[in-house]
Amino acid sequence: MTSSASSPASPPAEAGRAILVGVDFGRASTNPHPSGSFDPTLDELALLAESAGDLPVAKIVAKRAAPDAALFVGSGKADEIKLLVQAHQAHTVLFDQAISPAQQRNLERVLGVPVADRTALILEIFAARAKSHEGKLQVELARLQYLATRLVRRWSHLERQSGGIGMRGGPGEAQIELDRRMIDDRIKKTKERLKQVQRQRGTQRRARERNGVFKVSLVGYTNAGKSTLFNALVKARAYAANQLFATLDTTTRSLYLEQAGASVSLSDTVGFIRDLPHKLVEAFRATLQEAADADLLLHVVDAASPVLDEQMAEVERVLEEIGAAEIPQILVYNKADLLDESQRPRAPLDWIERQENGKTGVRTPRVFVSALEGSGLNVLREQLVQAMQAAALNIDEAASDDPRGIARHEAAVEEQQGPHAEDERAATHPTQA
């Protein structure tokens, strides 16, 4: 076990002091992603805590062969964590892995402070950041599904029986059953409301398809700089910050490509993260559908991250989960300005081989950019043009045996360029970055 405290400077009054806990179960763990499920530095958990408004004051790392059924870390480690809580006057303890409702309840009794796991922390951040109606519905659904498994966590009245004349429920029906029924009803209603929003988004998507617009989606690990790149490309003012999950709601803008004389549809999507809860991916499927329906993905990578390979693998895993693994990609290595001179590439563009949909050796362009400084963006635009032209060529080949298909494609191209192409160009691409 190792522990480390932060600087002795007193935290802001509004920030809650948090103890961070990580457990290394080794590669023999039953976790489906053992190689990516443990962070010995707990740096990402610290960023999550800060994003949620907490101040990490100490870290503790334990090593076990398997989780303890009652306390996850075992009684000895629980006592050590309790000493850290008392020494730092901590307000909460945050675990980097998911813990069960029973483990959470037992830990809170031993430690004397609230306990939360990685999933709860991510849900809290999402709830604070969601701005659109759709985003709020998606977060509410994920939180309700998470809460449904944890009704036994805090409320003592849930253990009592309620029944009789004038009482909700039948004789002997436990309060927990009533609460679970209410949560199930809210989940059902939220899903229905979300389906309505999904239908509206689907209508907008089909309209773009009828117009023959080439669809590009930005995907990547959280805090890779997707929103900054989005703003730099389309001259938009989407919110961008150096924090995890700065953007939750999908934003779509038209990007004029001068070399092609046409525009593409560019969408900025929510960032991915290690061990992103499946329920959250499921709840945000409507937003992530923008990526699944794209013609091209710009996979934005933090080039300065020491764990970029692990982050890229996690993005690929989520893309496969949402059915977007077969979509062509351009790898965009962002934050090139943060690289040391010895690490900077000789050219802003090269090609690498990667695995795609079970196939190895897929040749993929890689562009090094700095969205903040604007370097490499012209090269990225050229790659977008080539990708769009290659897609149009494939459409022509597919329609070559069908005269009606050719006519539809020509009409789509004319409608895509439109009579106001020059006005659009001046509005969305006034200068070269």
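Above this text you will find the structure in question.
The structure contained in this document is the topic of the report that follows. (Residues numbered from 1 in each chain as written. Predicted model: local features only at pLDDT ≥ 70, side-chain atom pairs only at ≥ 80, totals over all residues. Heavy atoms only, no water.)

With that out of the way, let us pick up the overall build of the protein. Across its full length, the protein holds 13 helices and 14 strands. Surface accessibility of the protein: about 21,600 Å² in total, with carbon and sulfur atoms responsible for 50%. (Helix = DSSP H or I, 4+ residues; strand = E, 2+ residues; numbered from the N terminus. Areas by Shrake-Rupley, 256 points an atom, 1.4 Å probe, with all protein chains shown as cover.)

Across all of its chains, the model carries 2 cavities of 30 Å³ or more by this definition. Each pocket or cavity is described by its volume, and for the largest cavity that value is around 40 Å³. What lines the largest cavity is Phe126, Val270, Gly271, Phe272, Leu276, Leu280, Val281, Phe284 and Leu288. The computed volume of the second largest cavity comes to approximately 30 Å³. Every residue along the wall of the second largest cavity is listed here: Tyr221, His299, Val300, Val301, Asp302, Leu308, Gln311, Met312 and Val315. Its residues assigned to classes, the lining of the second largest cavity shows 6 nonpolar, 2 polar and 1 charged. (1 Å grid on protein atoms, 1.4 Å probe; cavity = no way out; pocket = protein on both sides within 12 Å on 5 of 7 lines; lining within 4 Å. Points joined across faces, edges and corners; volume = space filled by probe spheres on them. Nonpolar A, V, L, I, M, F, W, Y, C, P; charged D, E, K, R; others polar.)

This next bit is on the pattern of salt bridges. Evaluated as defined, the whole model comprises 13 salt bridges. Its salt-bridge partner being Asp96, residue Arg274 comes within 3.1 Å of it at the nearest N-O pair. Here the residue Arg274 occupies a position in the loop between strand E10 (262-268) and helix H8 (278-283), and Asp96 occupies one in the loop between strand E4 (92-95) and helix H3 (101-111), the gap between them amounting to 178 residues. In this structure, the salt-bridge partner of Lys335 is Asp302, at a minimum N-O distance of 3.6 Å. Taken together, the residues Lys335 in the loop between strand E12 (329-334) and strand E13 (349-356) and Asp302 in strand E11 (residues 296-302) connect sequence positions 33 residues apart. With relative accessibility at 17%, the residue Lys335 sits in the buried group. (Salt bridge = Lys/Arg side-chain N within 4 Å of Asp/Glu carboxyl O. Buried < 20%, exposed > 50% of the residue type's maximum accessible area, 1.4 Å probe, protein only.)

We now examine helix H2 (residues 75-88). Here H2 contains 14 residues, and its C-alpha end-to-end distance of 20 Å stays within 8% of the 20 Å for a straight helix at 1.5 Å per residue. Listed as buried for H2 are Ala78, Ile81, Leu84 and Val85. Burial along H2 is one-sided: seen end-on, the buried residues are contained in an arc of 115°. Among the exposed residues of H2, those oriented more than 90 degrees off its buried face are Ser75, Leu83, Gln86 and Ala87. Gln89 sits one or two positions beyond H2 and adopts a positive phi of about 50°. (Expected span 1.5 Å × (residues − 1). Arc of directions from axis to C-beta.)

Even without a glycine there, the phi angle at Gln89 is positive, about 50°. By secondary structure assignment, the location of Gln89 is in the loop between H2 and E4. Here the phi dihedral of Lys335 falls at roughly 65°; this positive angle occurs in a residue that is not glycine.

Per the counting criterion, the structure on display carries 3 aromatic pairs. Ring geometry for Phe72 against Phe95: centres 5.8 Å apart, planes inclined by 85°, an arrangement best described as edge-to-face. Remark: Phe95 occurs in strand E4 and Phe72 occurs in the loop between strand E3 (54-63) and H2; sequence separation between them is 23 residues. You'll find Phe72 and Phe95 in the same group, each marked buried. An angle of 55° between the planes, with centres 5.2 Å apart, marks the rings of Tyr333 and Phe368 as tilted. Taken together, the residues span a long stretch of sequence, with Tyr333 in strand E12 and Phe368 in strand E14 (residues 359-368) at a distance of 35 residues. By relative accessible area, which is 7% here, Tyr333 ends up buried. For Phe368, a relative accessible area of 11% puts it in the buried group. Taken together, the ring pairs in this structure connect Phe25, Phe72 and Phe95 into an aromatic cluster. (Phe/Tyr/Trp six-rings, centres within 6.5 Å; stacked < 30°, edge-to-face > 60°.)

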